[in-house]
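The lines below spell out each chain.
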Amino acid sequence: MVVLSVRGLTKRFGEVVANDHIDLDVEEGEIHGLLGENGAGKSVLSSCIYGLYRPDEGRIFLRGHEVHIASPFDAIRLGIGMVHQHLTLVPHLRVWENIVLGREPRRGLRVDRVRAFAEVERLLEETGFRLDLAKNAGELPIGVQQRVEILKVLFRGAEILILDEPTAVLTPQEVDQLIETLHRLKAQGKTILFISHKLREIFALCDRVTVLRRGKKVGTLPVSSATPQMLAEMMVGRKVFFEFPRERLAKEEVLFELSHVFTDPPGVPLQDVSLKVHAGEILGIAGVEGNGQSELAEVVVGLRKPKKGKVIFRGRDVTAIPPKGRILQGMAHIPEDHHRRGVILDFSVKENLLLGFETEPPFRKGRMTLDFARIRDFARQKIQEFGIVTPSEDTPLRFLSGGNQQKVVVARELAFHPLFVLACQPTRGLDVAATEYLRHILLGVKREGKGVLLISADLDEVRALSDRVLVMYEGRIAGELSPESDEYQFGLLMGGKVLHEA
Amino acid sequence: MRLRLTVPVELFAIGLAFLLGMLVLFLTGYPPFSALWALFRGAFGTRNAIGQTLTQATPILFTSLAFLLAFRSGIFNIGIEGQFLIGAFTAALFGISFRGLPFPLHAILALFSGGFGGAVYALFPALLKVYLGAHEVITTMMLSYVALYLTSYFVNYPLKAPGWVAQTELVAPSARLPRILPPTQLSLAFPIALGLAFLVLWFLERTVPGFSIRAVGANPEASENRGISVRKYQILAFVLSGFIAGVGGGGEILGVHGRFVDGFSPGYGWDGIAVSLVGRLHPLGCIFASLLFGMLRAGGMTMTRVTKVPLDLSLIIQALVILLVAAPVLIEQLLTRRRKPQKSEV
Amino acid sequence: MSLSQIINLSLFQAQLRMATPILLAALGGLLCERVGVVNIGLEGIMLTSAFFGVLVTYFTSSPLLGFLGGLASGFLWGLVIAVLTVRFFGNQIVVGTGVNVFGLGLSAFLSQKIWGSRGASDAVSGFAPLRSDLLARLPYLGPVLNEHTFLVYLAIALVFVLHFFLFATPWGLRLRAVGENPQAADTAGINVFRYKTLGVVAGSLVASLGGVFLSLGHLNFFAWGMTSGRGFIGLAAMIFGKWTPLGCLLSSLLFGFADALQMRLQALGVLPSQIILLIPYLVTILVLSGFVGRAVPPARYEPYRKE
């Protein structure tokens, strides 16, 4: 029986059509995959079903009856629950408070703690989760927070669960646990809409899968009759090559080195982190997010001073040198979340290309004033060289597409031929074309005999690009693996297990 | 934030504020049209009126530029009033002392000492913010009150000139800024403020520190990543902001009063915040907005004299302008008559 | 002069009295901040309500109606601030500044119109202090707690009511969730806009009690700018009190003590009034500078935009 059915759903954001007349049928008790690359419209579709967005056109039916879902409140009332990609817990509320929030059992004017605990504990039994309900939600590891999210949804009596890219923040082992949980929920009769761009998960979990591409539905088919290659082509719209040619180019010369680095909080303290990046090499850092990667990046850039240990660039100790000095010596940085860390959206393309070089002689005349003629020429040259699509160099960056904003970052960082590039989650949030472009840029940097330190939570990306991979866990380097090592070994290290090497 | 002027929303807000002000007059039984007419006449009707308007606009042009500069680095310097008072006080002290100095030099140095006083007074909250994390909105506000009472103490006790009024003695003639439109009080401080507006614009748009200040204010994280120190440029902007406020205070003493009079500022520093916002945080916008507020003050006096409407109507209109400018989305919706709230970009 | 002339039981009685408007401002600020709105317009709200309290009392000769009039003005301000900051995403600091200027302008304007002076209103009959013989017999504590207007007791009761509301009731739980993570609250089916509006309006209402206290429970007339920065000090007390009602009570008592002490010293002519008047402000700065631990707000001060 079809429990949830969507007909002709369309959602526009200004000029962009995020969902273009999408039909979707979900059977009762199935796990239905929603597959598509970033920006294909998966999250928008699910947000419309959950009442976070109001669709511009289209109808939604629940067990054959048309429903109007204007807010999450309506969705919850109709038995639809959603676990979001970005977890939505209130950090300073306790776990049980987070779970009952919005549907608190009451005794008089008070929240009835006893009943709340009893009800939540019954859910714990059903799901097999183990949790400390009295802890603040913000103190829990991400994987556990996600379980709280699932409990939240179940507590509201959801029969249909929507999970939006739930595995993005998990280790492979946690993913396995999640898959197990979802199978158990399915056995209890729940219907699950599982959103992902990872084929592996679709195959491990789903009964049927619907593929979206650029806001349109490509098709729905049973997973048993699909092959990975087939789904990948449906998703991307052309033949896909999963493998990059791996060239061994690493030289003896060490370009960049961290030697026994320790740091203090705030953040995850780094403990005895050592690494070497050789010329002509991409060194990958894998690991679940929040295990010290951001802190590591800050140490490399110079934003965080190590308590102990050294940062060495081209044989020179740069530990005491601030970020600007490091940039000028030839260290570049493609930061994660470029909206926040890489560019200034209110600044023009030109000013963004200048950012960090404004003190340098070519752009400066006199001691203090900027030479705007030179800056304009420089900007125009970079716009051409990197194929940045923009009306002019004076356009505020806000009006460029995400891929073009990323190109501005890349153009600026590579402008003065750095010898070493730190790339943090460089492809997160980019579409396939932009991702591919960026990966080619990084491989190009390597081919020129420079060094790259690639930090990414996307294990596939790290393995595809790197020559060697270090895994981080709780602020330490848990071990080094070859990118060809099997996933299980990565998973063990990412989960904090020590490998006993022969 | 780019330096760009979008006129209609602000103009509409100002128009609406005047309409609402007239409504207040109507409701309280005053004649709205003749009161407003008297206000405009008092502001622009005669040569003297124009002189008065420009005189009133001068200190708030200084203070609005001061607020703007700090704001551009991401600092909410609510304490302009305090820096303005301290600047006025140090300029007065300098003008009273050093009596041997010749005219332009004495005046210039006195003005600079005012700026210096304001800068030092802004340095405290800057350091407290950057090193101890004390939020500048509250600290600067508190420091404004401290400055008010501190200067009041000095002119009431140790530095009080003989007589009944709590004020210092007159500064030396060599420290006075010349009047440029006698018999009005309009002094050289006005052209200085105008020039400063253009200087601030040039500084922000065309110089390395100006670029850095804007970068730090628009996106501190990206700036840090690119080696632009947020601390350094926020302190710089804070101190420059205090400097401008202090010069404004000095200009008021050396140009208009000739001495530090207790309570001489009716809140020029607070006005500057509003003026700056009404001027869309653009130096040239500040010029227009300070003229508007100067008009309200100067014209308000005539209005009170002629029609007996309380002077505070000007304050009410100012407040309405501020409230309406604070939420541009409201005005945009009034203008486009859309029902749904503005969606943010995706 | 002996120390007992300065420090005696009536000083502590004054402390409690002077702490009351600060406490009410702090609690009002607390409610606003708990839903993610910084309300620096507290000063203007208090001034407006102080004014309307006197105005209504003046025309009706009923302090109770005056009390309601003051509250009504606080309610209206709450609605205006909520509409501007929550519904139309207005800048909170700017809106607050506007409220303060408006409060100052309107009260002086109407004061001039009605009483012919922008400096002060005519005197009205305010609230009489309540007296309990039973309480009076209590040693030490009796004289301190006795003979206050009902607003003082109301303020203290509010501390516990708010504590209960915030930390024991479902609505308090939701209010805190809305401030700390509006997305989370939204996905839990809570109407974020409604709760934000509720917090701001309730906060403004509580702050207006502080204004009414100043004009009807303390001086019995309206004076130009009579709040003299208490709204701001209330914000400081709230930060010092780590955004909890009980914390607000303790820090307000501290500021109230400074206030009472300065009045006492001023009356005795020990120090020039200006020097004493700036003491509370200096204390606030020291407090904010983290000499008592770092202050981390419980909410994000940004408008919540859906989509």
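Residues numbered from 1 in each chain as written. Chains lettered and ligands numbered in written order. Predicted model: local features only at pLDDT ≥ 70, side-chain atom pairs only at ≥ 80, totals over all residues. Heavy atoms only, no water.

A. Examining the interface of chain C and chain A more closely. Tallying the contact residues gives 20 residues for chain C and 28 residues for chain A. The junction of chain C with chain A conceals about 2100 Å² of combined surface from both sides, 62% of it contributed by carbon and sulfur atoms. In this structure, C:Arg176 engages A:Glu97 in a salt bridge whose closest nitrogen and oxygen atoms are separated by 3.7 Å. Viewed at the interface, chain A and chain C are joined by seven residue pairs in polar contact (both at pLDDT 80 or more). Sorting the residues of the side of chain C that touches chain A by element identifies helix H8 (150-168), helix H9 (170-180) and helix H10 (182-187) of chain C as the ones contributing at least two each. When residues of the side of chain C that touches chain A are assigned to their parent elements, the largest contribution, seven residues, is made by H9(C). In terms of residue class, the side of chain C that touches chain A is made up of nine nonpolar, five polar and six charged. (Contact = heavy atoms within 4.5 Å. Buried area = accessible area lost by both parts, 1.4 Å probe. Salt bridge = Lys/Arg side-chain N within 4 Å of Asp/Glu carboxyl O. Polar contact = N/O pair within 3.5 Å; in protein donor to acceptor, adjacent residues only side chain to side chain. Helix = DSSP H or I, 4+ residues; strand = E, 2+ residues; numbered from the N terminus. Nonpolar A, V, L, I, M, F, W, Y, C, P; charged D, E, K, R; others polar.)

B. Inspection of unusual backbone geometry at higher detail. Each neighbour pair has its own omega, and for A:Pro265 with A:Pro266 the value is 5°, a cis peptide bond. Residue placement: A:Pro266 occurs in the loop between strand S13 (254-262) and strand S14 (273-278). The omega angle of the peptide bond from B:Pro182 to B:Pro183 is 5°, so this bond is cis rather than trans. In this structure, B:Pro183 sits in the loop between helix H6 (136-156) and helix H7 (189-206). Non-glycine residue A:His260 carries a positive phi angle of around 50°. Note on placement: A:His260 falls in strand S13. Take A:His260: its relative accessible area is 47%, and that puts it in the partly exposed class. With a phi close to 65°, C:Asn220 is a non-glycine residue in the positive phi region. Tracing the chain through its elements places C:Asn220 in the loop between helix H11 (192-216) and helix H12 (230-240). (Buried < 20%, exposed > 50% of the residue type's maximum accessible area, 1.4 Å probe, protein only.)

C. Spatial organisation of the domain arrangement of chain A. Residue and element names in this part refer to chain A. Taken as a whole, chain A is organised into domain 1 (2-236), domain 2 (249-330 + 419-502) and domain 3 (339-416). Spacing between the C-alpha centres of domain 1 and domain 2 amounts to 33 Å. Across the interface of domain 1 and domain 2, roughly 910 Å² is buried in total on both sides, 54% from carbon and sulfur atoms. On the surface where domain 1 and domain 2 come into contact, there are one salt bridge. (Domains from an automatic or database assignment.)

D. Quick look at the interface of chain C and chain B. Across the contact, 46 residues belong to chain C and 46 residues belong to chain B. Of the roughly 4300 Å² buried where chain C meets chain B, counting both sides, 79% is carbon and sulfur surface. Per-residue buried area on chain C facing chain B is highest for C:Phe88, C:Phe109 and C:Gln274; these three make up 16% of the total on that side. Taken together, the links from chain C to chain B amount to one salt bridge. Among the ionic pairs, B:Asp312 bridges to C:Arg118, the shortest N-O distance being 2.8 Å. Remark: the boundary between chain C and chain B carries four residue pairs in polar contact (both at pLDDT 80 or more). Sorting the residues of the side of chain C that touches chain B by element identifies helix H4 (63-87), helix H5 (92-115), H12, helix H14 (273-277) and helix H15 (279-291) of chain C as the ones contributing at least two each. No other element matches H5(C), which puts 15 residues into the side of chain C that touches chain B. Taken together, the residues of the side of chain C that touches chain B break down into 30 nonpolar, nine polar and seven charged.

E. Representation of the packing of helix H11 (residues 268-278) of chain B against helix H12 (residues 283-307) of chain B within the structure. All names here are of chain B. Orientation of H11 relative to H12, taken along the N-to-C sense of each, is 130°, at an axis distance of 8 Å. Taken together, the axis directions place H11 and H12 in an arrangement best described as oblique. You can see that H11 and H12 cross each other, and the crossing is right-handed. On H12, the residues touching Tyr 268, Asp 271, Ala 274, Val 275, Ser 276 and Val 278 of H11 are Cys 286, Ala 289, Ser 290, Phe 293 and Arg 297. (Axes fitted to C-alpha atoms, helices over the stretch in contact; angles between N-to-C directions. Parallel < 35°, antiparallel > 145°, perpendicular 65-115°, else oblique. Left-handed = near helix turned anticlockwise from the far one by under 90°.)

F. The sheet that holds strand S3 (residues 31-35) of chain A, seen in detail. Residue and element names in this part refer to chain A. The six strands are arranged S6-S9-S10-S3-S11-S12 in an open sheet whose pairing can be described as mixed. For this open sheet the edge positions go to strand S6 (80-83) and strand S12 (216-222), each flanked by a neighbour on one side alone. Averaged over neighbouring strand pairs, the angle between their axes works out to 20° when direction is ignored. Pairing geometry for strand S11 (residues 208-213) and S12, over six bridges, is antiparallel. Bridging from a neighbouring strand, Arg 208 pairs with Pro 222 of S12. The strands touched by helix H6 (residues 172-187) are S3, strand S9 (160-164) and strand S10 (191-196); relative to S10, the strand with the most contacts, the crossing angle is about 150°. Sheet strands touched by helix H8 (residues 228-236): S3, S11 and S12. Its angle to S11, the strand with the most contacts, is close to 35°. (Pairing = 2+ DSSP bridges.)

G. Structural detail: the packing of aromatic side chains. One pass over the full model with this rule turns up 37 aromatic pairs over all chains. Ring geometry for A:Phe363 against A:Phe416: centres 6.2 Å apart, planes inclined by 75°, an arrangement best described as edge-to-face. Note that A:Phe363 is positioned in the loop between helix H12 (349-354) and strand S19 (364-365) and A:Phe416 in the loop between helix H14 (402-413) and strand S21 (420-424), a separation of 53 residues in sequence. What makes A:Phe416 partly exposed here is its relative accessible area of 43%. These aromatic residues form a ring-pair network of at least three members: B:Phe84, B:Phe89, B:Tyr153, B:Phe154, B:Tyr157, B:Phe260, B:Phe264 and B:Tyr268. The side chain of B:Arg214 reaches across the aromatic face of A:Phe347, ending 4.9 Å from its centre. The ring of C:Phe88 has C:Arg87 lying over it, and the distance from NZ or CZ to the ring centre is 4.9 Å. (Phe/Tyr/Trp six-rings, centres within 6.5 Å; stacked < 30°, edge-to-face > 60°. Lys NZ or Arg CZ within 6 Å of the ring centre and 35° of its normal.)

H. Molecular detail of the state of the cysteines. Residue and element names in this part refer to chain C. This structure, assessed with the given rule, holds zero disulfides over all chains. The thiol sulfur of Cys 248 is not disulfide-bonded, and the nearest other cysteine sulfur, from Cys 32, lies at 12 Å. A relative accessible area of 0% means that Cys 248 is categorised as buried. (Disulfide = S-S within 2.5 Å.)

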